[in-house]
Amino acid sequence: MKSSVTISLVNEARGGPFVYWADVQEACKEAKALGFTGIEIFAPGPEALAKSEAAKIATDHGLKIAALGTGGGWVLHKWTLTSPDEKTRSNAKDFIARMIEAGAPHGAPAIIGSLQGRHCESVDQIQAHAYLEEALIYLSQKAKSAGTILLFEPLNRYESNLIRTVEEGMSLISKVGQSSSLKLLCDLFHMNIEETNIADSLRKCGEMVGHVHLADSNRKPAGLGHTDFKPIAAALKEINYQGFVSAEALPLPDSSKAANHTIDCFNRYFKS
Ligand code: LER
Ligand code: MN
């Protein structure tokens with residue numbers, strides 16, 4: 001498994017679970033010194049990757065871009081794939097398509113997390129699932145033709161009422177029918193809320209696990225809560241998961257210390 005740490009370029013997401021903020025140069029310098037392999041970028045839009053020179057800075061530091069978060073489309077524009085408004089849905093789809101294309105040359109898959117949206121009075125659960133499946137068929141094909149994959153992230157009940165468990169995520173992937181280009185992002189914080197047993201769920205997910213978000217039970221950096229990472233890491237090893245374990249955690253007590261806690265936990269349990 002490979003280690004990664006998040007950096008947010010979206011100032012409006014302050015207070016959110018990202019370890020580093022804004023300064024890509026400083027984040028990469030520190031991440032490299034601590035022994036991380038990659039950085040995951042939460043960007044305001046596809047053009048931000050070039051504008052921030054994040055890919056170049058990461059490469060200069062010998063770091064990979066582990067993934068590209070698309071939640072900025074929600075934070076900044078309130079776009080979702082399941083909105084009652086057709087234009088809003090198509091903006092979300094187009095935003096993700098452009099993020100897929102921006103990340104692909106750097107080997108960075110796009111993540112669909114909060115852009116999945118939620119069902120509501122005017123879009124019932126069946127309709128919301130239909131919107132989501134239709135968008136994922138289009139977007140996973142887009143990822144495939146760009147030579148990359150697409151990551152879909154189940155979210156806990158306080159952030160979505162659509163796809164909350166790994167099992168629901170797996171069922172969505174089989175309905176979409178693109179299991180080679182559509183994988184699940186298993187976020188240990190969301191799983192701590194929704195799964196009965198995190199390790200068992202990861203084992204069931206098997207080769208559908210495409211990315212892992214690492215945070216403790218309280219979304220603090222790994223080691224500052226009560227999640228038992230030992231059986232979780234053992235399950236990931238058992239399914240031969242070789243992708244990124246990426247720290248998406250609150251920058252507490254500060255970014256540097258959060259990155260330090262994370263790498264300690266990664267080295268202790270997850271390192272291959
Ligand atoms: C949101 O809670 C989250 O986990 C992100 O990765 C989704 O954009
Ligand atoms: Mn996450």
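Residues numbered from 1 in each chain as written. Chains lettered and ligands numbered in written order. Predicted model: local features only at pLDDT ≥ 70, side-chain atom pairs only at ≥ 80, totals over all residues. Heavy atoms only, no water.

Trainee: I tried to follow the packing of aromatic side chains on my own but got confused; where do I start?
Mentor: We describe a pair of aromatic rings using the distance from one ring centre to the other and the angle between the two ring planes. Inspection of every chain in the model, using the stated rule, returns five aromatic pairs. Measuring from centroid to centroid gives 5.8 Å for Phe-18 and Trp-21, while their planes differ by 80 degrees, and the two rings are edge-to-face. With a relative accessible area of 6%, Phe-18 lands in the buried category. For Trp-21, a relative accessible area of 13% gives the class buried. By the ring-pair criterion, three or more aromatic residues cluster together here, those being Phe-18, Trp-21 and Phe-42. The cationic tip of Lys-78 hangs over the ring face of Trp-74; the distance from NZ or CZ to the ring centre is 4.7 Å. Positioned above the aromatic ring of Tyr-138, the side-chain terminus of Lys-93 is 4.9 Å from the ring centre. (Phe/Tyr/Trp six-rings, centres within 6.5 Å; stacked < 30°, edge-to-face > 60°. Buried < 20%, exposed > 50% of the residue type's maximum accessible area, 1.4 Å probe, protein only. Lys NZ or Arg CZ within 6 Å of the ring centre and 35° of its normal.)

Trainee: It is not clear to me how the site of ligand 1 should be interpreted in this structure. Could you clarify?
Mentor: Taken together, Gly-113, Ser-114, Glu-153, Glu-159, Asp-187, His-190, His-213, Arg-219 and Glu-248 are the residues near ligand 1. Contact between ligand 1 and His-190: an oxygen atom at 2.7 Å from a side-chain N or O atom of the residue. Arg-219 places a side-chain nitrogen or oxygen 2.8 Å from an oxygen atom of ligand 1. Contact with the protein chains hides 90% of the accessible area of ligand 1, taken as 260 Å² for the molecule alone. Spatially, ligand 1 is embedded in the largest pocket. Taken together, the residues that form the shell around ligand 1 break down as no nonpolar, four polar and five charged. (Near = heavy atom within 4 Å. Polar contact = N/O pair within 3.5 Å; in protein donor to acceptor, adjacent residues only side chain to side chain. Areas by Shrake-Rupley, 256 points an atom, 1.4 Å probe, with all protein chains shown as cover. 1 Å grid on protein atoms, 1.4 Å probe; cavity = no way out; pocket = protein on both sides within 12 Å on 5 of 7 lines; lining within 4 Å. Sits in = over half its atoms within 2 Å of the grid points. Nonpolar A, V, L, I, M, F, W, Y, C, P; charged D, E, K, R; others polar.)

Trainee: In this structure, what is going on with helix H10 (residues 229-238)? I would like to understand it.
Mentor: Since the α-helix turns once every 3.6 residues, residues separated by three or four places project in the same direction. Of all the positions in H10, only Phe-229, Ile-232, Ala-233, Ala-235 and Leu-236 are classed as buried. With its buried residues spanning 155 degrees around the axis, H10 presents them on a single face. Opposite the buried face of H10, at more than 90 degrees from it, the exposed residues are Lys-230 and Glu-238. Next to the buried residues of H10 lie helix H8 (188-194), helix H9 (198-205), strand S8 (209-214) and helix H11 (255-270). Positive phi shows up at Asn-240, right after H10, with a value of about 60 degrees. (Helix = DSSP H or I, 4+ residues; strand = E, 2+ residues; numbered from the N terminus. Arc of directions from axis to C-beta. Contact = heavy atoms within 4.5 Å.)

Trainee: Any chance you could explain unusual backbone geometry here in plain terms?
Mentor: Negative phi is the rule for most residues except glycine; trans is the rule for most peptide bonds. Of note, the amide linkage connecting Leu-252 to Pro-253 takes the cis form, showing an omega dihedral of -5 degrees. With respect to the helices and strands, the residue Pro-253 is situated in the loop between strand S9 (244-247) and H11. Despite not being glycine, Ala-22 shows a phi value in the positive range, around 70 degrees. Looking at the secondary structure, you find Ala-22 in the loop between strand S2 (20-21) and helix H1 (24-34). In this structure, Arg-219 takes a positive phi of about 70 degrees despite not being glycine. Tracing the sequence through the fold places Arg-219 in the loop between S8 and H10. Classification of Arg-219 by relative accessible area gives buried; the value is 11%.

Trainee: Teacher, can you tell me more about the pattern of salt bridges here?
Mentor: Taken as a whole and judged by the stated rule, the model has 10 salt bridges. Linking Arg-203 and Asp-200 is a salt bridge whose minimum nitrogen-to-oxygen distance equals 2.8 Å. Highlighted residues: Arg-203 and Asp-200, both in helix H9, separated by three residues, approximately one helical turn. Taking the relative accessible area as the measure of exposure, Asp-200 reaches 33% and is therefore partly exposed. By relative accessible area, which is 32% here, Arg-203 ends up partly exposed. Here the salt bridges share partners, and the residues they tie into one network are Glu-159, Asp-187, Arg-219 and Glu-248. (Salt bridge = Lys/Arg side-chain N within 4 Å of Asp/Glu carboxyl O.)

Trainee: Help me out: how do you make sense of the layout of surface pockets in this one?
Mentor: If you roll a probe as big as a water molecule over the atoms, it shows you where there is empty space left. Space inside the largest pocket adds up to approximately 550 Å³. What lines the largest pocket is a set of 28 residues, among which Trp-74, Gly-113, Ser-114, Leu-155 and Glu-159 lie closest to the centre. Those elements that provide at least two residues to the lining of the largest pocket are strand S3 (38-42) and helix H4 (72-77). In terms of residue class, the lining of the largest pocket is built from 10 nonpolar, 12 polar and six charged. (Points joined across faces, edges and corners; volume = space filled by probe spheres on them.)

Trainee: What's the story with the pairing of strand S7 (residues 182-187) in this structure? I'm lost.
Mentor: A regular strand carries its side chains on alternate faces of the sheet. Within S7, six of the six residues are buried, which leaves the element mostly enclosed by the surrounding structure. Both strand S6 (residues 150-152) and S7 contribute to a ladder of three bridges, which runs parallel. Note on S7: the bridge partner recorded for Leu-150 is Leu-182. This β-α-β element, S6 to helix H7 (residues 166-176) to S7, shows right-handed connectivity. Here four bridges tie S7 to S8, and the two strands are oriented parallel to one another. Following the sheet pairing, Cys-186 is matched in S8 by Val-212. (Pairing = 2+ DSSP bridges. Right-handed = clockwise from strand over helix to strand, strands pointing away.)

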